Amino acid sequence: MRQDPFGNQGAPRRRGLGGGGLRIWVLVAFAAYAAYYYFSNRTVDPYTGEQVMIDKNLSAADENALGLQAYQEILSQERPVDPNSEVARQIRSIAERLIARVDEVEADLAAEKGLQAQNFAANFEWQVNVIQSDQANAFALPGGKMAVYTGLVPVARNQDGMAVVMGHEIAHALMRHGAQRMARGKLEQIGQMAGAASGMDAGTLQTVMSAYGVTSALPYARAHESQADEVGLMLAAAACFDPAEAVPLWERMGQMSAGQSPPEFASTHPSAETRIQHLQALQPKALAFRQKYCGQAGTAAANG
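Predicted model, so just to flag it, every value in this text is computed and none were measured.

The final tally for this structure, using the stated rule, is 6 aromatic pairs. Each ring, one from tyrosine 33 and one from tyrosine 37, has its centre 6.5 Å from the other, and the planes form 35°; the classification is tilted. Pair noted here: tyrosine 33 and tyrosine 37 are both in helix H1 (residues 20–40), with a separation of 4 residues, about one helical turn. For tyrosine 33, a relative accessible area of 37% corresponds to the partly exposed category. Over the ring of phenylalanine 241 we find arginine 97, and its NZ or CZ is 3.7 Å from the ring centre. When the ring centre of tyrosine 220 is taken as reference, the NZ or CZ atom of arginine 184 above it lies at 4.2 Å.

Below, the structure is given as structure tokens:
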């Protein structure tokens, strides 16, 4: 029992709107705002048919500007190779083939869900650079700003493997995964503010956020990776690359990271084994895309 400074230890106290009562109202206000933000910023992704959250105040122009700013910062710190070098010309050629199929692949995937394509990338100003680095990595930012690190070349081994990776990165930009993460980050900030306003101590709040990460945030990030794997594979297949190369590519990726990657439940990315299983399951669909856009010759080459 709490000690009352006036000696009325046994008398019930009226809380009114102070103390815990005020905290409850603060939490209700935060929850109401979070719900409003969530439901007022929902839209349908034409690639997956799923409801996703993207802040309606973030225009395509804003998103492209953010991508350009980030790209310029990266290029000012990294070392792009000569754009006339053989590797730069080959990678730009792969990118051009993938980009040429963006609208058609989006239309096909949207039609599967009974939706219309949104052509969000219509105003992208595509730019591709190759960066001298040992990293086996690549990225594509909003607005179509792309980079491939030279360390990826020996891992990809051929243009088909490279197209799988580049298609995956392009898919992230097309599906506005960055904008989705920004909107989700705003909800996470609201949750943290609500926790602080409720009087939750820092240790408890950290525990709650850690649990949230494992049960919600990390699976959300892994879902984005799987979506980009699928859309990217369809792009590569429609651009007449061999989708079957996705499997040995990820076998090599898995060998590179063996013993270094965290367990899947604690990672933002699916494990190599999970990705391989997913990509194997997508092969019939990818081959159908290749046959549609490349004809029987393209399909025979993929199977040969």
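Further notes follow.
Attention now moves to the sheet that holds strand S4 (residues 138–141). Reading across from one edge, S3-S5-S4 is the order of the 3 strands in this open sheet, with mixed pairing throughout. In this open sheet, the two edge strands, each paired with only one partner strand, are strand S3 (127–131) and S4. Direction aside, neighbouring strands of the sheet carry axes that sit 15° apart on average. Relative to strand S5 (residues 145–149), S3 is paired through 5 bridges, and the arrangement is parallel. Counted as the bridge partner of glutamine 127 is lysine 145 from S5. In the packing of helix H2 (residues 60–77) onto the sheet, contacts are made with S3, S4 and S5, and the angle to S3 comes to roughly 25°. Packed on one face of the sheet, helix H3 (residues 86–100) meets S3 and S5 and runs near 140° to S3.

This brings us to the packing of helix H9 (residues 246–256) against helix H10 (residues 272–281). One can describe the packing of H9 onto H10 by two numbers: an axis separation of 9 Å at closest approach and a directional angle of 180°. With respect to each other, H9 and H10 are oriented roughly antiparallel. Between H9, through Ala246, Val247, Trp250, Glu251 and Gly254, and H10, the contact on the second element is made entirely by Ala272, Arg275, Ile276, Leu279 and Gln280. When the residues that make up the contact of H9 with H10 are grouped by side-chain class, the tally is 6 nonpolar, 2 polar and 2 charged.

Turning next to the state of the cysteines. Summed over all chains, the structure comprises 1 disulfide. The disulfide bridge from cysteine 240 ends at cysteine 294, spanning 2.0 Å between sulfur atoms. On the S-S bond that ties cysteine 240 to cysteine 294, the torsion sits near -105°, and the link is left-handed. Highlighted residues: cysteine 240 in the loop between helix H8 (202–238) and H9 and cysteine 294 in helix H11 (residues 283–303), separated in sequence by 54 residues. By relative accessible area, cysteine 240 is classed as partly exposed at 27%.

What follows concerns the side chain of asparagine 129. The topology assignment puts asparagine 129 in strand S3. Residue contacts for asparagine 129: discarding those within four places in its chain leaves Tyr71, Leu75, Pro80, Met146, Ala147 and Val148.

Here we come to the layout of surface pockets. Of the voids in this model, the largest pocket is the one considered here, and its volume is about 1,100 Å³. Lining the largest pocket are 48 residues; nearest its centre among them are His168, Glu169, Glu225, His269 and Arg275. Contributing elements (two or more residues each) for the lining of the largest pocket: H2, S4, helix H6 (159–174), helix H7 (177–197), H8, H9 and H10. Looking at the lining of the largest pocket element by element, the count peaks at 6 residues for H6. Among the residues forming the lining of the largest pocket, the class breakdown is 23 nonpolar, 16 polar and 9 charged. Estimates place the volume of the second largest pocket at around 290 Å³. If you list the elements that add at least two residues to the lining of the second largest pocket, you get H1, strand S2 (51–53), H7 and H8. Among the elements that take part in the lining of the second largest pocket, H7 stands out by supplying 6 residues, more than any other.

Thresholds applied
Residues numbered from 1 in each chain as written. Predicted model: local features only at pLDDT ≥ 70, side-chain atom pairs only at ≥ 80, totals over all residues. Heavy atoms only, no water. Phe/Tyr/Trp six-rings, centres within 6.5 Å; stacked < 30°, edge-to-face > 60°. Helix = DSSP H or I, 4+ residues; strand = E, 2+ residues; numbered from the N terminus. Buried < 20%, exposed > 50% of the residue type's maximum accessible area, 1.4 Å probe, protein only. Lys NZ or Arg CZ within 6 Å of the ring centre and 35° of its normal. Pairing = 2+ DSSP bridges. Axes fitted to C-alpha atoms, helices over the stretch in contact; angles between N-to-C directions. Contact = heavy atoms within 4.5 Å. Parallel < 35°, antiparallel > 145°, perpendicular 65-115°, else oblique. Nonpolar A, V, L, I, M, F, W, Y, C, P; charged D, E, K, R; others polar. Disulfide = S-S within 2.5 Å. 1 Å grid on protein atoms, 1.4 Å probe; cavity = no way out; pocket = protein on both sides within 12 Å on 5 of 7 lines; lining within 4 Å. Points joined across faces, edges and corners; volume = space filled by probe spheres on them.

All quantities given are derived from atomic positions and should not be read as evidence of function.
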